[in-house]
Amino acid sequence: MSAFTLKNYACGAWTEGSGVADIASAVTGEIVARGGSGGLDFKAMADFARDVGGRNLRKLTFHQRAAIAKALGSAIMERKEELYRLNFLTGATRKDGWIDIEGGAGTLFSMASKAKRELPDDFILVDGAVEQISKEGSFLAQHVYTPLKGLALHINAFNFPVWGMLEKISVALIAGVPSIVKPATATAYLAEAAFRVLIETGKVPDGALQLIIGSTGDLLDHLTGQDVVSFTGSASTAAKLKSHPVVIRESVRFVAEQDSLNAAMLGPDATAESPEFQLFVKEVVREMTVKAGQKCTAIRRALVPAAMLDAAQKAIAEGLGKTTIGDPAREEVRMGALVSLAQREDVRAKVAALKTEAKVVYGDAPSSDPIGASAVVGAFVAPMLLRCDDPWTARAVHAVEAFGPVSTLMPYKSLDDAIALCNRGEGSLVMSLFTNDPDIAREVVIGAGSFHGRVIVINRDCAKESTGHGSPLPVLVHGGPGRAGGGEELGGMRGVKHYMQRTAVQGSPETLRAVTGSWVKGAATEATPPHPFRYRFSELEIGKTVETPSREITLKDIEHFATFTGDTFYAHMDEAAAKANPFFPGRVAHGYLILSFAAGLFVDPAPGPVLANYGLDELRFLTPVSPGDQIKVRLTAKSKKKRNDEYGEVRWDVLVTNQKGESVATYELLTMNAM
Ligand code: NAP
């Protein structure tokens, strides 16, 4: 095949750059692509992102941006076979490519649907509750998020050229921040092809996405405090970029995902016969060989009780022995090649460092006869299991990451010792624990949680459905402290917020209502007829209110409710026992009775735009209701969230008061209203 030329996508145009690098196939060593970024005007790209892309994105609501993310995911799925063909050139099998390509599309889908559910169809995101910071309630505060007015520079690693790009784009796009993507050169041809798919949808607003093939030139010189750098790669590059004078001077947000000595721990409760032992062995083997071990989350250290060391070594070696290595396009091949011959050299050098403290007990040779390929021109390497009998004085095994199919097995003496060894990685993306003892799980999470971005506990009950040690999920945070870079990505809408600024806004209730688009206690209400339930979603205005007449609650009501529902709790039925309770003056009404009677007071019963009661939030019972008390309700439209073209969710503020004007109950009622 003839090598193709990769292009940058700069200022809205596909542009060939100079300073071209040749990129070789991981499998055959042939040059498959060429590309460079020489000649690009990086300042113009930064300006274009901010002035054109940012403006275009910020004209759209969260929901409109989420719809674009979903459309991009669909386009990747429709054209995935084009990407799979290139995926093989990177040394990855189809299964590896599935994680990268379909996992990338899945991340766009997941983020888009979460954004539609959890973010408003608006330009501003409210964070937490209104803070009451004045006695009379005329001066309040509300935290809000708004999108940064800068750009996101995404510098990605070579191992997941599609997923790595899409997971970062998904959150920046939904936040409303334009991205400039710089894929790793070794697999830039696959990233470029996936990027092309995105642009060719015609759905990406001008300036929202740009691509750099090769060097980022002087781009970092043009960053400001409104920009975000999200970096994935080695600790040394991260350190270099983080300490760039402009990054420091402008306090540019810098998210780093870097090396990680992830651990898997076999619990002290496991025996050679227990299912958890088998699961542990299977997971270590899988994590060593998926993507030829070039996964930031791969298991680098496998910790087992000292007495289990030999059994674990034997079982893992047996598992590794079943790994077929070769041309990743072949169906019978389970493990392909490393990304390049240079990467293989790097892995060999790292293994040499590990060998000063550990001995290779499986795979101490390069793969000499990969199926359908050559180990001379292709970057093939056999999986290597090392064993370190003294992990307590060893240093390299806890610090040197061989970014290939390499893992070190080590013993521990007690659970405390295992936790201490685990934490010797000085911060990692993930650790897994294989135990069937929940107390051990709790101890490990308390002892090791602060050193890990994710802890996965696997036992016989959840193994079948487990997503596995090495899989970051869009809804869970991906990142880790210390050596892992100190960054955090994804985690549902947490990831979106990394591209937004949180601001505490202080002002009057009316001001906060206008700023947030959400009714705030103390802001004006509109109580004239018709009843708020008569308005369609699109017509209902925030602040629309109904105030009901009073209703007396009698002892007969309470007794009827008790016998009817079966809730004969003593506080409702036994005067003396209720009186002895520190909260009640005597027999009181059920909380649920108050809710039911409140609904009876505020509901407008005839068929209309209100389709369903969707639930209650923030319910609190504040003052007991005694027989003879009178209650009334104020129901106010607080906020609205469109769900689809047919209906949306309305959040109502509900306040139940008694004849003395005391608050009896407060809550937020959710209804689904027709458009
Ligand atoms: P690397 O050399 O640090 O490269 C990472 C990225 O940084 C590449 O896109 C690279 O571009 C770019 N880069 C290098 N120098 C740069 C500079 N001066 N200015 C701007 N960009 C620059 O890392 P690698 O060795 O390819 O990747 C493997 C490492 O990534 C492993 O250590 C692995 O643990 C880590 N990783 C971490 C995660 C995670 O989520 N924590 C995920 C995957 C990988 P070029 O390719 O053009 O040099």
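Rules used throughout
- Residues numbered from 1 in each chain as written.
- Predicted model: local features only at pLDDT ≥ 70, side-chain atom pairs only at ≥ 80, totals over all residues.
- Heavy atoms only, no water.
- Pairing = 2+ DSSP bridges.
- Helix = DSSP H or I, 4+ residues; strand = E, 2+ residues; numbered from the N terminus.
- Axes fitted to C-alpha atoms, helices over the stretch in contact; angles between N-to-C directions.
- Salt bridge = Lys/Arg side-chain N within 4 Å of Asp/Glu carboxyl O.
- Buried < 20%, exposed > 50% of the residue type's maximum accessible area, 1.4 Å probe, protein only.
- Contact = heavy atoms within 4.5 Å.
- Nonpolar A, V, L, I, M, F, W, Y, C, P; charged D, E, K, R; others polar.
- Expected span 1.5 Å × (residues − 1).
- Arc of directions from axis to C-beta.
- Bend = angle between axes of the 7 residues up to and from the residue.
- Near = heavy atom within 4 Å.
- Polar contact = N/O pair within 3.5 Å; in protein donor to acceptor, adjacent residues only side chain to side chain.
- Areas by Shrake-Rupley, 256 points an atom, 1.4 Å probe, with all protein chains shown as cover.
- Core = buried A, V, L, I, M, F, W, Y, C linked by side-chain atoms within 4.5 Å.
- Phe/Tyr/Trp six-rings, centres within 6.5 Å; stacked < 30°, edge-to-face > 60°.
- Lys NZ or Arg CZ within 6 Å of the ring centre and 35° of its normal.
- Domains from an automatic or database assignment.

A. Region of the structure containing the sheet that holds strand 1 (residues 4-5). As summarised here, the arrangement of the three strands in space is 1-5-4, forming an open sheet in which the pairing is mixed. Two strands close off the open sheet at either side, each with one partner strand: strand 1 and strand 4 (21-24). Here strand 4 runs beside strand 5 (residues 31-35); their pairing, made up of four bridges, is antiparallel. Its bridge partner being in strand 5, isoleucine 23 is matched across the sheet by alanine 33.

B. Quick look at the sheet that holds strand 7 (residues 140-147). One open sheet accounts for three strands, arranged 6-7-22; its pairing is antiparallel. Of all the strands in the sheet, the pair left with one neighbour each is strand 6 (125-132) and strand 22 (500-507). Taken over all neighbouring pairs, the strand axes of this sheet differ in orientation by 20 degrees on average, direction set aside.

C. Local environment of the pattern of salt bridges. Scanning all chains against the criterion turns up 35 salt bridges. Of the charged contacts in the structure, one is a salt bridge between arginine 34 and aspartate 22, with a shortest N-O distance of 2.6 Å. Of the two residues, arginine 34 sits in strand 5 while aspartate 22 sits in strand 4, which places them twelve residues apart along the sequence. The class for aspartate 22 is partly exposed, based on a relative accessible area of 46%. A salt bridge links glutamate 200 to arginine 79, with the shortest nitrogen-to-oxygen separation between them at 2.8 Å. Linking glutamate 200 in helix 6 (residues 188-200) with arginine 79 in the loop between helix 2 (62-78) and helix 3 (80-89), this pair joins segments that are 121 residues apart in sequence. Here arginine 79 falls in the partly exposed class, since its relative accessible area comes to 25%. What emerges from the salt-bridge pattern is a single network uniting Lys43, Asp47, Arg50 and Asp227.

D. Geometry of the packing of helix 5 (residues 163-175) against helix 6. Relative orientation of the contacting elements helix 5 and helix 6 amounts to 40 degrees, with a least axis distance of 10 Å. For the pair formed by helix 5 and helix 6, the contact residues are Met165, Leu166 and Ile169 on the first element and Ala191, Ala194, Phe195 and Leu198 on the second. In the contact of helix 5 with helix 6, the residues fall into seven nonpolar, no polar and no charged.

E. Main features of helix 11 (residues 341-354). Between its first and last C-alpha atoms helix 11 spans 20 Å; for 14 residues at 1.5 Å apiece the expected length is 20 Å, and the two agree. Here helix 11 has its buried residues at Gln343, Arg344, Val347, Val351 and Leu354. Within helix 11, the buried residues cover an arc of 100 degrees as seen down the axis, which keeps them to one side.

F. Expanded view of helix 4 (residues 94-118). The terminal C-alpha atoms of helix 4 lie 34 Å apart, and with 25 residues this matches the ideal 36 Å at 1.5 Å per residue to within 8%. Considering bend angle alone, the principal kink of helix 4 is centred on glycine 103 and spans about 35 degrees.

G. Representation of the site of the ligand within the structure. Of all residues adjacent to the ligand, which total 25 residues, the nearest are Asn156, Thr185, Ser234, Thr237 and Glu401. A distance of 3.1 Å separates an oxygen atom of the ligand from a polar side-chain atom of histidine 478. Contact with the protein chains hides 79% of the accessible area of the ligand, taken as 910 Å² for the molecule alone. Residue assignment for the shell around the ligand shows that the elements contributing at least two residues are strand 11 (228-232) and helix 7 (235-242).

H. Broad picture of the nonpolar core. Residues Ile76, Tyr189, Phe195 and Tyr499 are the most contacted members of the largest nonpolar core, which totals 62 residues. Contributing elements (two or more residues each) for this core: strand 5, helix 2, helix 3, helix 4, helix 5, helix 6, strand 10 (209-211) and helix 14 (493-497). With sequence-adjacent residues up to four places away left out, isoleucine 76 is seen in contact with Leu83, Ile101, Ala105, Leu166, Ala194, Val197 and Leu198.

I. Fine view of the environment of alanine 375. Tracing the sequence through the fold places alanine 375 in the loop between strand 15 (359-362) and strand 16 (384-387). Here alanine 375 falls in the buried class, since its relative accessible area comes to 15%. C-alpha of alanine 375 to C-alpha of alanine 67: the two residues are 308 residues apart in sequence and 45 Å apart in space.

J. Geometry of the environment of lysine 95. With respect to the secondary-structure elements, lysine 95 resides in helix 4. Lysine 95 sits in the exposed class, given a relative accessible area of 70%. On a C-alpha basis, the gap between lysine 95 and isoleucine 23 in space is 23 Å, while along the polypeptide they are 72 residues apart.

K. Highlighting the packing of aromatic side chains. Under the defined criterion, the tally for this structure stands at nine aromatic pairs. Their ring planes at 75 degrees and their centres at 6.3 Å tell us that phenylalanine 160 and tryptophan 163 sit as a pair that is edge-to-face. For the pair formed by phenylalanine 160 and tryptophan 163, the shared burial category is buried. Within the aromatic cluster, the residues linked to one another by ring pairs are Tyr9, Trp14 and Phe195. Taking NZ or CZ as reference, arginine 551 lies 3.7 Å from the ring centre of phenylalanine 597, over its face. When the ring centre of phenylalanine 537 is taken as origin, the NZ or CZ atom of lysine 640, which lies over that ring, is 4.8 Å away.

L. Just the domain arrangement of the protein, in detail. According to the domain assignment, the protein contains domain 1 (40-258), domain 2 (263-467) and domain 3 (525-674). A straight line from the C-alpha centre of domain 2 to that of domain 3 covers 56 Å.

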